[in-house]
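The lines below spell out each chain.
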Amino acid sequence: MRFWLQSRVPQHPTGPCPCGSARGYAACCGALHAGTRTAATAQELMRSRYSAFVVADEAYLLATWHPSTRPPEVRFDDGLTWTGLTVLGTTGGSLLHTEGTVEFEARYVVQGQAGVLAEHSRFLRVDGNWLYLNAITPATRR
């Protein structure tokens, strides 16, 4: 499995959060990346993982990946820029659940061409922390 990011060195933005919330990065996904709080829901974890791809935070991505499916590393592509996220739907994944799914589309540009990565992802809550498990439907790029 290969993932594409902008850079190997985390670039932490000071403006709006890349996940598309109305909050600033530091108050939103930045707090999760810094470890000052954890994701309350599967959707919040998915959004924070998207933001981690945007800022190239490999450590956060690996730390929030379930050990049974976690790769040894996340590979980066300097030619790809993530440009937006749309959450299409969720099941479970709340404070009351131990499992959840999030269906989303992540937009990007690579070599001047716009594209979309679509995935329906599964998350598990282990010891109170949400973790990405796998894709229910394989990620597709169009």
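Our subject is the structure listed above.
Everything in this summary refers to the structure shown in the same document. (Residues numbered from 1 in each chain as written. Predicted model: local features only at pLDDT ≥ 70, side-chain atom pairs only at ≥ 80, totals over all residues. Heavy atoms only, no water.)

Secondary structure assignment for the chain yields three helices and four strands. Starting at the N terminus and walking to the C terminus, you meet the elements of the chain as α-α-α-β-β-β-β. By the burial criterion, 44% of the 142 residues in the chain qualify as buried. Considering only contacts within the chain whose residues lie at least 6 apart along the sequence, 51% involve residues at least 24 apart. Of the roughly 7300 Å² that the chain leaves accessible, carbon and sulfur atoms contribute 54%. (Helix = DSSP H or I, 4+ residues; strand = E, 2+ residues; numbered from the N terminus. Buried < 20%, exposed > 50% of the residue type's maximum accessible area, 1.4 Å probe, protein only. Contact = heavy atoms within 4.5 Å. Areas by Shrake-Rupley, 256 points an atom, 1.4 Å probe, with all protein chains shown as cover.)

Inspection of every chain in the model, using the stated rule, returns zero disulfides. For C19, which is in no disulfide, the shortest distance to another cysteine sulfur is to C17 and amounts to 3.7 Å. No disulfide involves C28; its sulfur sits 3.7 Å from that of C17, the nearest cysteine. (Disulfide = S-S within 2.5 Å.)

Turning next to the pattern of salt bridges. Applying the stated rule across the entire model yields two salt bridges. Between E44 and R37 there is a salt bridge, with its nearest N and O atoms 2.7 Å apart. Given a relative accessible area of 18%, E44 falls into the buried group. With a shortest N-O distance of 3.1 Å, R75 and E73 are connected by a salt bridge. (Salt bridge = Lys/Arg side-chain N within 4 Å of Asp/Glu carboxyl O.)

This part is about the side chain of S51. Take S51: it is sitting in helix α2 (residues 42–55). Judged by relative accessible area, which is 0%, S51 ranks as buried.

Residues other than glycine seldom take positive phi values, yet A56 does so here, at roughly 60°. Residue position: A56 is located in the loop between α2 and α3 (58–63). Owing to a relative accessible area of 2%, A56 belongs among the buried residues under this scheme. The backbone of D127 sits at a positive phi, close to 50°, despite the residue not being glycine. Here D127 lies in the loop between β3 (113–126) and β4 (129–141).

From the geometry alone we can't say anything about function, so treat these as descriptive.
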